[in-house]
Amino acid sequence: MFLTYMETVTKELVSWMRGHDSSIFSISVHASGRYAITTSSDTAQLWDLDTFQRKRKLNIRQSVGIQKVFFLPLSNTILSCFKDNSIFAWECDTLFCKYQLPAPPESSSIIYKVFAVTRDGRILAAGGKSNHLHLWSLEATRLFRIIQMPTKIRAIRHLEFLPDSFDAGSNQVLGILSQDGIMRFVNIQTCKLLFEIGSLDEGISSSVISPHGRYIASIMENGSLNIYSVQALTQEINKPPPPLVKVIEDLPKNIPTSGDVKMKMTSGRVLRPARCKEHKTQTRIIKQDLTGNLENKENELSDGLNKKRLQILLKGYGEYPTKYRMFIWRSLLQLPENHTAFSNLLDKGTHVAFLNLQKLYPIKSRKLLRVLQRTLSALAHWSSIFSDTPYLPLLAFPFVKLFQNNQLICFEVVATLIINWCQHWFEYFPNPPINILSMIENVLAFCDKQLLQHFIDHDITSQLYAWPLLETVFSEVLTREEWLKLFDNIFSNQPSFLLMTVVAYSTCSRAPLLNCTLKDDFTYFFHHRNNLDINVVIREAYHLMETTPADIHPDSMLDAFVALTKGQYPVFNQYPKFVVDFQTRERERIRNDELDYLRERQTVENMQAEVDQQRLEDEAWYQKQEELRKAEEARREMLLHEEEKMVQQRQRLAAVKRELKMKEIHLQDAARRHFLKLQQAQHEMELRRLDDEIERKNYTRNQEVFAKEFREDADAYRQKVDFEEDMFHKMIETDQTQTGNAKKVIEEKLAKAEQACLNTDWKIQALHKQKCDDLQRNESYQEMTKLLRKNRRKEVELLNAMMEEEAKKWKEAEEKEFHLRAEKKASSLSDTSRNWFLKQELSAALEHAERPFSKEESCLRREQKASGSLARTSQLTDISGIDPSTGLPLRRSTAEWDGKKENLLKKVRDLRQRLTAQAQNRHLSQSLLAT
């Protein structure tokens, strides 16, 4: 299967796109017209309409199947709906899955078949073979309402929201076409039936609503086409909204409970279209200033946008978001989208002024050239001056390239640009707009007199430094991204901003311009890209808009922005009509002269063609006669050659006959010899047969002995088989008895298995009911997980503190261990000295007992020994740092020990507090887990 891309005007085949194996039942086009999605039962493919190439392909299992894949309005989101009721949302650029809608509740079993989305892309309506209708909130990704239709509705065939001029895209009325051929329109908020079209006798087969919601076109089951007026069907739809009030605080919407999600449709007073065709409903639209504030009314744009807020956003970020830029431009320019008027312009065909456009502007892309030619032709049919404007292709080309997939928007953007930002350009036609260039020169003289004097000194006029930028709208000197950023600011400001941008471009480039002295250098500079920051140019343009005096400011000479009128385009006659008429007459005269010349040349060419044709016919006749003569001579030579061949063939035939005769003789001789050999072989075969018969008789005698033995063995085997069969029958009878008992047991087990199945079914139903509880527990688990993470962080902090305290304690323990070893060493030395002293005293006493000395000498000796021991003890005490009197270390004072003790007690208290907090958190998490 393949998809064809046709040209609507010329009915020509532009391209065809292959890739589907089955029939395509859905096509969705992006709002920009650049991408398209085609859907079949097994695959969905994303196409780039600029290159007609496949960008991505979605393959799924055959058991699932695709219901529909389409773009959400005014966004880059793709919604894919499958046959198992799963719905996914994808990003168009990256194809990243943004979200998935949850499964619908089991109480409303429905297989989705048809879908509809509001214009703002916030609400999705889904229906199928059921009288239930599901409404999904795509922002909250939840099912917020179930509408139960009347019981007589068994299936929904089509869904479509009814656009309203007052709801800013949040459509409230949904059209529902059911199996009975009646299309009912229901308010999705109140679930009230507003009106319905079609009947049981005259059912609707398919229906579509116009973009503005004014008409409904329906194909009836009898083949007729009915068009309904929504305004005639009901007056409630087109009621103006209540007076606007300022929103002080946007409160969050309450989440509906299970009781108010499901609602029944109430049938009120149903309006049906009148069958009388003569009756006409007369309506009168009353215009009312809802806000009373003119400034706010001017700033309010279509689609709910505000111009001042957009300007604030633009000044903050420098440009609009890429995926919303086209939507913002359409709102800023207030495009009316006059489809009928634009179609009338296209129906006039290609304008004669642009028939040979490809010769003047050779564009590689045929599609781009065709769109440019059609846009320029529509502009020329709109106003005759555009057929003679030489710079119009340069002015329109960047917009044609940007909006090549939406020609209506392209035309209206260019037309709006011409009406507003090209004011007074055509007053000096066919010359450049001297008045506009004078405004630019006055502003340049005010902000940079040196640069203007430099231009004057080198004979550089505004037609050289300003007009190239205006007639190409900066497309030659800027890249695509820079040009888009610049026009974000141009379309968001007054028309004078474009002229200020031209001045800012020159002033921001004053350094290279002051270095230029040749006219060719200036020309090259304003026709090619330069190393210039566009953000600086835009800031300078805003500065000029604020600082330029009012007497030379372009705002005082240019009109304010005016949008295109709806329905029909305005008349554009802001140009010297006599000049255009004169050029038109001259061009018509030249065209008539050219046509006369072409007719005369065609006549001469026809006469010359006839002469040439006669000459060619004569030459062909003479050539034919010569060919006949040569053919006759060739035939005669061929006959002579054939006669010679016949003579040679007769000679060869006689020789062949002789050879065949010799071969026949040789064959007869060979056949006779073969017959003799055959008779000899038959005699030998007869002898061998007699020998075999003799041997067979001997074998038969031996075979009878063997047969007797075989019969005896067979009788014995048969007896054994009979015995075994008796045994087998007995076994079968025994087995049948056991089988009857086993059957009863199996029946009991089967009953138990059935009961187990019933119990399992009840368990499965209970499991389904527990799913809702699981979701609630999942939320409590997440809260508990957060608390556990906090507890873990606190526990980590506590463990770190305990590890630090442990390290300090180990260090302190090592110090005390060191002091303990020193004390032990000092104590051991003291004991050694004391023992030695006692031993000396004992030896002295024994010696005194054996050899007594004088009393004074012994006392003196004891005193010397005691003083020596005390000296050694004091020396050891000084070395070890131990006080001999108290036994405590001399390094720390009592105050130091008290401070250390206080710090230790404080850390112990902190540790206890942390352990208490940890226990409380654990108790709280256990209670949450229990709930």
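A brief structural summary.

**Considerations on helix 10 (residues 407-420)**
Here helix 10 spans 20 Å end to end across 14 residues, near enough to the 20 Å set by a 1.5 Å rise per residue. Counting buried residues along helix 10, 14 of its 14 residues qualify, which places the element largely inside the surrounding structure.

**Let's talk about the packing of helix 15 (residues 480-491) against helix 19 (residues 534-547)**
Contact pair helix 15 / helix 19: the axes reach a minimum separation of 10 Å and the direction vectors enclose 15 degrees. As the angle between them shows, helix 15 and helix 19 are arranged roughly parallel. Every pair of crossing elements has a handedness; the one defined by helix 15 and helix 19 is right-handed. Contacts from Glu482, Lys485, Leu486 and Asn489 in helix 15 reach Ile534, Asn535, Ile538 and Tyr542 in helix 19. Per-class residue counts for the contact of helix 15 with helix 19 are 4 nonpolar, 2 polar and 2 charged.

**Details of the packing of aromatic side chains**
Applying the stated rule across the entire model yields 33 aromatic pairs. Measuring from centroid to centroid gives 5.4 Å for Phe342 and Phe411, while their planes differ by 40 degrees, and the two rings are tilted. Residue Phe342 is located in helix 6 (residues 339-347), and its partner Phe411 is located in helix 10; the two are separated by 69 residues in the primary sequence. Each member of the pair Phe342 and Phe411 is classed as buried. Judged by centre distance (5.3 Å) and plane angle (25 degrees), the ring pair of Phe386 and Phe572 falls under stacked. A residue pair is termed long-range when its members are at least 10 positions apart, and Phe386 in the loop between helix 8 (366-382) and helix 9 (392-402) and Phe572 in the loop between helix 19 and helix 20 (577-850) qualify at 186 residues. Above the face of the Phe70 ring, Lys68 is positioned so that its terminal group lies 5.1 Å from the ring centre.

**Comments concerning helix 19**
Over its 14 residues, helix 19 runs 20 Å from end to end, which matches the ideal 20 Å to within 8%, given 1.5 Å per residue. Taken together, the buried positions of helix 19 are Ile534, Val537, Ile538, Ala541, Tyr542, Leu544 and Met545. For helix 19, the arc enclosing every buried residue in end-on projection is 160 degrees, short of the 170-degree limit, so these residues lie on one face. Helix 19 presents Arg539 and Glu546 as exposed residues on the side facing more than 90 degrees away from its buried surface.

**So, the pairing of strand 10 (residues 97-100)**
Where strand 9 (residues 87-91) meets strand 10, 3 bridges bridge the pair, whose relative direction is antiparallel. Across the sheet, Phe88 pairs through a bridge with Gln100, a residue of strand 10. Hairpin remark: strand 9 followed by strand 10, antiparallel, with 5 residues in the connecting loop; positive phi at Leu95, about 55 degrees.

**Overview of the side chain of Asp48**
Tracing the backbone through its elements, the reader meets Asp48 in strand 5 (residues 43-48). We classify Asp48 as buried; its relative accessible area is 13%. Not counting residues up to four positions away in its chain, the partners in contact with Asp48 are Arg34, Tyr35 and Gln53.

**Overview of the packing of helix 6 against helix 10**
Direction vectors running N to C along helix 6 and helix 10 enclose 90 degrees, while the axes themselves pass 11 Å from each other. Classified by the angle between their axes, helix 6 and helix 10 sit roughly perpendicular to one another. Along its contact with helix 6, which presents His339, Phe342 and Leu345, the element helix 10 presents Gln407, Leu408 and Phe411. Across the contact of helix 6 with helix 10, the residue classes break down as 4 nonpolar, 2 polar and no charged.

**Considerations on the nonpolar core**
A general tendency of soluble globular proteins is for nonpolar side chains to be buried together. Core analysis: the largest hydrophobic core is formed by 100 residues, its most contacted members being Trp382, Phe399, Leu470, Phe474, Trp483 and Phe491. Tallying contributions element by element places helix 10 first for this core, with 10 residues. In this structure Phe491 touches Trp329, Leu332, Leu333, Phe399, Val413, Leu417 and Trp421, once residues within four positions along its chain are discounted. With 19 residues, the next largest nonpolar core counts Leu133, Met149, Leu174 and Cys191 among its residues.

**Points about unusual backbone geometry**
Here the phi dihedral of Gln334 falls at roughly 55 degrees; this positive angle occurs in a residue that is not glycine. When you line up the elements, Gln334 lands in the loop between helix 5 (325-333) and helix 6. One non-glycine residue, Asp459, lies in the positive phi region at around 60 degrees. The exposed category is assigned to Asp459, whose relative accessible area is 55%.

**Description of the sheet that holds strand 8 (residues 77-82)**
Within the open sheet, the 4 strands sit side by side as 7-8-9-10. Their pairing is antiparallel. Lying at the two open borders of the sheet, with one neighbouring strand each, are strand 7 (66-71) and strand 10. Shown here is a sheet whose adjacent strand axes are inclined to one another by a mean of 20 degrees, direction ignored. Summarising the sheet, strand 7 and strand 8 pair through 5 bridges and their orientation is antiparallel. Note that in strand 8 the partner of Phe71 across the bridge is Ile78.

**Brief notes about the sheet that holds strand 21 (residues 225-229)**
Read across the sheet, 3 strands follow the order 19-20-21 without closing on themselves; strand pairing throughout is antiparallel. In the strand order of this sheet, the two ends are held by strand 19 (204-209) and strand 21, each with one partner. With direction set aside, neighbouring strand axes in the sheet form an average angle of 20 degrees. Sheet topology note: the strand 20 (residues 215-220)/strand 21 ladder contains 5 bridges and is antiparallel. When the bridges of strand 21 are listed, Ala217 appears paired with Ile227.

What counts as what
Residue numbers run consecutively from 1 along every chain, following the written order of its sequence. Predicted model: local features are reported for residues with pLDDT of at least 70 only, side-chain atom pairs are reported and counted for 80 or more only, and whole-chain, interface and lining totals are derived from all residues. Heavy atoms throughout the structure, all of them, feed into the side-chain values; hydrogens and water do not. Labels follow the DSSP assignment, with helices taken as runs of H or I lasting at least four residues and strands as runs of E lasting at least two, numbered in each case from the N terminus. Every helix has an expected span of 1.5 Å times one less than the residues it contains. For every residue, the accessible area (1.4 Å probe, protein chains only) is compared with the maximum for its type, and the residue is labelled buried under 20%, exposed over 50%, or partly exposed between those bounds. Fitted lines through C-alpha atoms give the axes, limited to the stretch in contact for helices. The angle between two N-to-C directions lies from 0 to 180 degrees. Each angle receives one of four descriptions, namely roughly parallel if under 35 degrees, roughly antiparallel if over 145, roughly perpendicular if within 65 to 115, and oblique otherwise. Each helix crossing is assigned a hand: it is left-handed if the near helix lies turned anticlockwise from the far helix by less than a right angle, otherwise right-handed if that turn is clockwise. Here a residue-residue contact requires only that any non-hydrogen atoms of the pair lie within 4.5 Å. Residue polarity follows a fixed list, in which Ala, Val, Leu, Ile, Met, Phe, Trp, Tyr, Cys and Pro are nonpolar, Asp, Glu, Lys and Arg are charged, and the others, Gly among them, are polar. Each pair of aromatic rings taken from Phe, Tyr and Trp, with Trp reduced to its six-membered ring, is defined by centres within 6.5 Å and is described as stacked if the planes are under 30 degrees apart, edge-to-face if over 60, and tilted in the remaining cases. For a lysine, the NZ atom is tested; for an arginine, the CZ atom; a charge sits over a ring if that atom is within 6 Å of the ring centre and within 35 degrees of the ring normal. The arc in question is traced by the directions running from the helix axis to the C-beta atoms. Strands are labelled as partners when DSSP assigns at least two bridges between them. As used in this record, nonpolar core signifies buried Ala, Val, Leu, Ile, Met, Phe, Trp, Tyr and Cys residues forming a set joined through side-chain atoms within 4.5 Å.

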